[in-house]
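Listed here are the chains, written in short residue letters.
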Amino acid sequence: MGNIMYHYCNVEAFKAIIQNKTLWLSSIYNLNDYKEIHWIKEKVLKKIQEITTKNNYEKFNTFIKFYENKQPNVYIASFSQGEDLLSQWRAYANDGYGVAIGFNTDYFKENNLIKTSKVLYNESLQEKEIEKILKPLFQMKDRFDFDSYEFEKFSEKIIDDINYLSAKSKNELFMEEQEIRLIHNPIIVEDKSTKRFIFENNISPMMFRAVCGNLIPYFELKFDNFENDNEPILEIIKGPKNKFIDQEIRIFLANNGFYNVKIKGSKSSYR
């Protein structure tokens, strides 16, 4: 049995997740912190600006153009390390009427198309990660054919590492969420010959849902294939206002293939 990460949700979402045995990994551009996608980007650009001189200007300017044009194709599902957090009940579980689904982190390690990562909130550690990622660029000689395919591929590797860091980093003001993320980075290629977009290394076809006047892309992550010694769901935490009857919820879970699941109640007195 692995560590547990908790997905807080309302009853309707809980029912759909269990019955469909599916999680949705949504675009990082549609998260609760609207500045999140720019959090690391601003630090990266500032770091490059600090060491840019007339001698290395062409190198860094070309790199930044690549970076600006390569938008992150990052899709995530959010969880928390905390099994009974009042802030999570309020924000994501219908003000405490919902549940927290305790997923087994070991189960998802078997899928090489997704990564499981704790969110990094510490700014000094974020800065160190940025310096580590950018080090090959900083050490590269300043005289080179920066319009070459070789430099473009060199830059793409660095940009991919930056985008992954962006996907797992947040402002420290969100630290109390204790967030863990499932991260999916599909390759999306525009095929002009067929006038379609081609997806590589994707866990499902790209889906879309309409929310509050916006069209949000997402991918479906199935968890319907598992063994008894590595089940995807380990426990359910009922919110402080939840009305579930334990026996009834056990029947619902068992009839959908999840028999060995613990049912627990919130310890919060929140009403």
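This one's a predicted model, so the numbers in the text were calculated from it and none came from an experiment. (Residues numbered from 1 in each chain as written. Predicted model: local features only at pLDDT ≥ 70, side-chain atom pairs only at ≥ 80, totals over all residues. Heavy atoms only, no water.)

> Just give me the short version of the overall build of the chain, but keep the residues and values in it.
A tally of helices and strands in the chain yields 8 helices and 12 strands. Here the chain holds 271 residues, and the buried ones make up 44% of them. A separation of at least 24 residues holds for 80% of the contacts in the chain among residues at least 6 apart in sequence. About 15400 Å² of surface is accessible on the chain, with carbon and sulfur atoms providing 48% of the total. (Helix = DSSP H or I, 4+ residues; strand = E, 2+ residues; numbered from the N terminus. Buried < 20%, exposed > 50% of the residue type's maximum accessible area, 1.4 Å probe, protein only. Contact = heavy atoms within 4.5 Å. Areas by Shrake-Rupley, 256 points an atom, 1.4 Å probe, with all protein chains shown as cover.)

> Please provide a residue-by-residue account of the pairing of strand S9 (residues 207–211), values included.
Each regular strand shows side chains that alternate between the opposite faces of the sheet. Judged from the 5 bridges that link them, S9 and strand S10 (residues 214–222) form a sheet pairing that is antiparallel. Looking at S10, one finds that Phe208 is bridged to Pro217. Counting the residues between successive antiparallel strands, the hairpin from S9 to S10 contains 2 residues, one of them, Cys212, with a positive phi of roughly 50°. (Pairing = 2+ DSSP bridges.)

> Outline the state of the cysteines, listing residues and values.
This model, assessed by the stated rule, comprises 0 disulfides. With no disulfide of its own, Cys212 lies closest to Cys9 among cysteine sulfurs, the gap being 18 Å. For Cys212, a relative accessible area of 84% puts it in the exposed group. (Disulfide = S-S within 2.5 Å.)

> Go over the environment of Phe244 with me, naming the residues and quoting the values.
Looking at the element boundaries, Phe244 is found in the loop between strand S11 (233–238) and helix H8 (246–255). Sequence separation between Phe244 and Gly98 is 146 residues, and the spatial gap between their C-alpha atoms is 9.4 Å. With sequence-adjacent residues up to four places away left out, Phe244 is seen in contact with Val11, Phe14, Val99, Lys238 and Ile249.

> Give a detailed account of a negative patch on the surface, specifying residues and quantitative values.
Negative charge collects at one region of the surface, where Glu58, Asp145, Asp147 and Glu150 lie side by side. Here Asp147 shows up in the loop between helix H6 (123–139) and helix H7 (149–167). (Patch = residues over 30% accessible without salt bridge, like charges linked within 9 Å, V, L, I, M, F, W, Y side chains within 5 Å. Salt bridge = Lys/Arg side-chain N within 4 Å of Asp/Glu carboxyl O. Lys, Arg positive; Asp, Glu negative; His and termini not counted. Charge placed at Lys NZ, Arg CZ, Asp CG, Glu CD.)

> With reference to specific residues and values, describe the layout of surface pockets.
Of the volumes computed, that of the largest pocket is approximately 1000 Å³. Lining the largest pocket are 35 residues, with His7, Trp24, Ser26, Ser78 and Arg209 positioned closest to its centre. Along the lines of polarity and charge, the residues of the lining of the largest pocket split into 16 nonpolar, 12 polar and 7 charged. Each pocket or cavity is described by its volume, and for the second largest pocket that value is around 560 Å³. In terms of lining residues, the second largest pocket is bounded by 22 residues, among which Asn73, Asp160, Asn185, Pro186 and Ile187 are the most central. Put simply, the parts of the chain that give the lining of the second largest pocket at least two residues each are strand S5 (114–118), H7 and strand S7 (187–191). The element contributing the most residues to the lining of the second largest pocket is H7, with 6 residues. (1 Å grid on protein atoms, 1.4 Å probe; cavity = no way out; pocket = protein on both sides within 12 Å on 5 of 7 lines; lining within 4 Å. Points joined across faces, edges and corners; volume = space filled by probe spheres on them. Nonpolar A, V, L, I, M, F, W, Y, C, P; charged D, E, K, R; others polar.)

> So, the packing of aromatic side chains: which residues are in play, and what are the values?
Aromatic rings in a pair are described by how distant their centres are and how their planes are angled relative to each other. All chains considered together, the criterion is met by 19 aromatic pairs. Ring geometry for Phe14 versus Phe252: centroids 5.7 Å apart, planes at 55°, classification tilted. Of this pair, Phe14 sits in helix H1 (residues 11–20) while Phe252 sits in helix H8, and the two are 238 residues apart along the sequence. Assigned by exposure class, Phe14 and Phe252 land together as buried. Pairing Trp24 with Tyr218 gives two aromatic rings, centres 4.3 Å apart and planes at 25°, and the pair type is stacked. Taken together, the residues Trp24 in strand S2 (residues 22–27) and Tyr218 in strand S10 connect sequence positions 194 residues apart. The structure contains a cluster of three or more aromatic residues connected by ring pairs, namely Phe79, Phe103, Tyr107, Phe108, Phe223, Phe226 and Phe258. Sitting above the plane of the Trp39 ring, Lys43 keeps its charged end 4.6 Å from the centroid. Its guanidinium or amino end placed over the ring of Tyr164, Lys115 lies 4.3 Å from that ring's centre, counting from NZ or CZ. (Phe/Tyr/Trp six-rings, centres within 6.5 Å; stacked < 30°, edge-to-face > 60°. Lys NZ or Arg CZ within 6 Å of the ring centre and 35° of its normal.)

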